[in-house]
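Per-entry structural report
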Amino acid sequence: MQRHHDELPTEAFSETDMRLLWNKFAQRLSDTGQKIMATYMQINDPELQEDGFTIKLELPNEGSKVDFDNNKIELLGYLRGKLHNHDIVVETHVNETVEKKYAFTPEDRYERLKNINPALDLLRKTFDLDI
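First, a word on scope: everything that follows refers to the structure included in this document. (Residues numbered from 1 in each chain as written. Predicted model: local features only at pLDDT ≥ 70, side-chain atom pairs only at ≥ 80, totals over all residues. Heavy atoms only, no water.)

By the definition in use, this model includes five salt bridges. Among the ionic pairs, aspartate 69 bridges to lysine 72, the shortest N-O distance being 3.6 Å. With a relative accessible area of 15%, lysine 72 lands in the buried category. Here arginine 124 ties to aspartate 121 by a salt bridge, and the two come within 3.6 Å at their closest N and O atoms. Residue arginine 124 and its partner aspartate 121 are both found in helix α7 (residues 119-126); the two are separated by three residues, about one turn of the helix. Classification of arginine 124 as partly exposed rests on a relative accessible area of 24%. Here the salt bridges share partners, and the residues they tie into one network are Lys65, Asp69 and Lys72. (Salt bridge = Lys/Arg side-chain N within 4 Å of Asp/Glu carboxyl O. Buried < 20%, exposed > 50% of the residue type's maximum accessible area, 1.4 Å probe, protein only. Helix = DSSP H or I, 4+ residues; strand = E, 2+ residues; numbered from the N terminus.)

Next up on the list: the nonpolar core. The biggest cluster of nonpolar side chains holds 24 residues, and the ones touching the most others in it are Trp22, Met41, Ile55, Phe68 and Leu79. The element contributing the most residues to this core is helix α1 (residues 15-31), with six residues. Among all residues touching isoleucine 55, those that are not within four sequence positions of it are Met18, Trp22, Pro46, Glu47, Leu48, Leu79, Ile88, Val89, Val90 and Glu91. (Core = buried A, V, L, I, M, F, W, Y, C linked by side-chain atoms within 4.5 Å. Contact = heavy atoms within 4.5 Å.)

This part is about the sheet that holds strand β3 (residues 89-94). Remark on secondary structure: sheet strands pair via backbone hydrogen bonds, oriented parallel or antiparallel. Taken in spatial order, the three strands line up as β1-β2-β3 in an open sheet, and their pairing is mixed. If you trace the sheet from one side to the other, it starts and ends with β1 (47-48) and β3, each paired once. Bridge analysis of strand β2 (residues 54-59) against β3 gives six bridges, and the strand direction is parallel. Of the residues in β3, the one forming a bridge with leucine 59 is valine 94. Contacting β2 and β3, helix α3 (residues 62-70) crosses the sheet at an angle of about 165 degrees to β3. (Pairing = 2+ DSSP bridges. Axes fitted to C-alpha atoms, helices over the stretch in contact; angles between N-to-C directions.)

Once that is clear, we can look at the environment of isoleucine 131. Relative to the assigned elements, isoleucine 131 resides in the segment after α7. Take isoleucine 131: its relative accessible area is 48%, and that puts it in the partly exposed class. C-alpha of isoleucine 131 to C-alpha of proline 106: the two residues are 25 residues apart in sequence and 6.4 Å apart in space. Each residue touching isoleucine 131, except ones within four places of it in the same chain, is listed here: Pro106, Glu107, Tyr110 and Arg124.

If you want it as C-alpha coordinates, here you go:
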(Lines give C-alpha, C1' and ligand atoms only; values in the text may rest on other atoms or scores of the structure.)
Protein backbone atom coordinates (compact mmCIF):
# COMPACT_ATOMS: atom_id res chain seq x y z
CA MET A 1 0.00 0.00 0.00
CA GLN A 2 1.46 3.33 -1.05
CA ARG A 3 0.97 6.26 1.30
CA HIS A 4 0.75 9.83 0.18
CA HIS A 5 3.61 12.02 1.32
CA ASP A 6 1.37 13.98 3.70
CA GLU A 7 0.48 10.72 5.50
CA LEU A 8 4.13 9.91 6.31
CA PRO A 9 5.51 10.74 9.78
CA THR A 10 7.40 14.00 10.29
CA GLU A 11 8.37 13.81 13.97
CA ALA A 12 10.94 16.24 15.36
CA PHE A 13 14.33 14.80 16.34
CA SER A 14 17.52 16.09 17.94
CA GLU A 15 20.93 16.46 16.35
CA THR A 16 22.25 14.01 18.96
CA ASP A 17 19.71 11.33 17.95
CA MET A 18 20.53 11.90 14.29
CA ARG A 19 24.29 11.64 14.88
CA LEU A 20 23.93 8.42 16.88
CA LEU A 21 21.99 6.80 14.05
CA TRP A 22 24.35 8.30 11.45
CA ASN A 23 27.36 6.72 13.18
CA LYS A 24 25.54 3.42 13.66
CA PHE A 25 24.75 3.30 9.93
CA ALA A 26 28.36 4.22 9.03
CA GLN A 27 29.58 1.37 11.25
CA ARG A 28 27.17 -1.03 9.55
CA LEU A 29 28.50 0.04 6.14
CA SER A 30 32.07 -0.45 7.33
CA ASP A 31 31.25 -3.89 8.74
CA THR A 32 29.73 -4.97 5.41
CA GLY A 33 32.73 -3.82 3.38
CA GLN A 34 31.32 -0.49 2.15
CA LYS A 35 34.30 1.35 3.56
CA ILE A 36 34.35 4.29 1.12
CA MET A 37 30.80 5.37 1.92
CA ALA A 38 31.45 4.84 5.65
CA THR A 39 34.54 7.05 5.37
CA TYR A 40 32.59 9.80 3.64
CA MET A 41 30.04 9.69 6.44
CA GLN A 42 32.75 10.02 9.08
CA ILE A 43 34.93 12.68 7.40
CA ASN A 44 32.98 15.40 9.16
CA ASP A 45 30.18 15.55 11.70
CA PRO A 46 26.80 16.01 10.02
CA GLU A 47 24.92 19.11 11.15
CA LEU A 48 21.18 19.43 11.59
CA GLN A 49 20.04 22.70 10.06
CA GLU A 50 17.51 25.09 11.64
CA ASP A 51 14.61 23.71 9.60
CA GLY A 52 14.85 20.52 11.69
CA PHE A 53 15.06 18.05 8.79
CA THR A 54 17.98 19.09 6.55
CA ILE A 55 21.27 17.42 7.41
CA LYS A 56 24.40 19.11 6.07
CA LEU A 57 27.64 17.20 5.45
CA GLU A 58 30.87 18.77 4.25
CA LEU A 59 33.07 16.64 1.99
CA PRO A 60 36.66 17.30 0.87
CA ASN A 61 36.21 17.38 -2.91
CA GLU A 62 33.74 17.18 -5.77
CA GLY A 63 34.49 13.49 -6.43
CA SER A 64 33.56 12.47 -2.88
CA LYS A 65 30.41 14.61 -3.10
CA VAL A 66 29.26 12.93 -6.32
CA ASP A 67 30.04 9.47 -4.95
CA PHE A 68 28.25 10.15 -1.65
CA ASP A 69 25.20 11.66 -3.36
CA ASN A 70 24.93 8.65 -5.69
CA ASN A 71 24.94 6.27 -2.71
CA LYS A 72 22.90 8.10 -0.04
CA ILE A 73 19.47 6.56 -0.79
CA GLU A 74 19.94 3.69 1.68
CA LEU A 75 21.14 6.16 4.35
CA LEU A 76 18.09 8.39 3.78
CA GLY A 77 15.72 5.43 4.09
CA TYR A 78 17.41 4.35 7.32
CA LEU A 79 17.33 7.83 8.91
CA ARG A 80 13.76 8.54 7.80
CA GLY A 81 12.55 5.24 9.26
CA LYS A 82 14.49 5.36 12.54
CA LEU A 83 13.79 9.05 13.21
CA HIS A 84 10.16 8.84 12.02
CA ASN A 85 10.58 11.82 9.72
CA HIS A 86 10.17 11.42 5.98
CA ASP A 87 11.09 15.05 5.24
CA ILE A 88 14.78 14.38 6.02
CA VAL A 89 17.23 15.39 3.30
CA VAL A 90 21.02 15.19 3.29
CA GLU A 91 22.80 18.06 1.57
CA THR A 92 26.47 17.77 0.76
CA HIS A 93 28.85 20.68 0.34
CA VAL A 94 32.46 20.68 -0.81
CA ASN A 95 35.03 22.23 1.50
CA GLU A 96 38.52 21.74 0.06
CA THR A 97 40.18 22.38 3.44
CA VAL A 98 38.50 19.29 4.95
CA GLU A 99 40.81 17.07 2.89
CA LYS A 100 43.90 18.38 4.65
CA LYS A 101 42.30 18.15 8.07
CA TYR A 102 41.64 14.40 8.18
CA ALA A 103 43.86 11.34 7.96
CA PHE A 104 42.06 8.28 6.61
CA THR A 105 44.39 5.30 7.03
CA PRO A 106 46.79 4.41 9.86
CA GLU A 107 49.67 5.33 7.53
CA ASP A 108 48.11 8.75 6.83
CA ARG A 109 47.65 9.35 10.55
CA TYR A 110 51.23 8.29 11.25
CA GLU A 111 52.61 10.62 8.54
CA ARG A 112 50.52 13.49 9.92
CA LEU A 113 51.75 12.87 13.48
CA LYS A 114 55.34 12.48 12.23
CA ASN A 115 55.05 15.91 10.57
CA ILE A 116 53.94 17.37 13.89
CA ASN A 117 56.68 15.58 15.86
CA PRO A 118 59.59 14.07 13.85
CA ALA A 119 60.84 12.24 16.98
CA LEU A 120 57.91 9.86 16.51
CA ASP A 121 59.82 8.10 13.71
CA LEU A 122 62.81 7.56 16.01
CA LEU A 123 60.48 6.10 18.64
CA ARG A 124 58.90 3.76 16.08
CA LYS A 125 62.32 2.54 14.84
CA THR A 126 63.80 2.20 18.34
CA PHE A 127 61.01 -0.09 19.52
CA ASP A 128 60.41 -1.71 16.10
CA LEU A 129 56.76 -0.65 16.15
CA ASP A 130 54.23 -1.26 13.39
CA ILE A 131 52.16 1.55 11.99
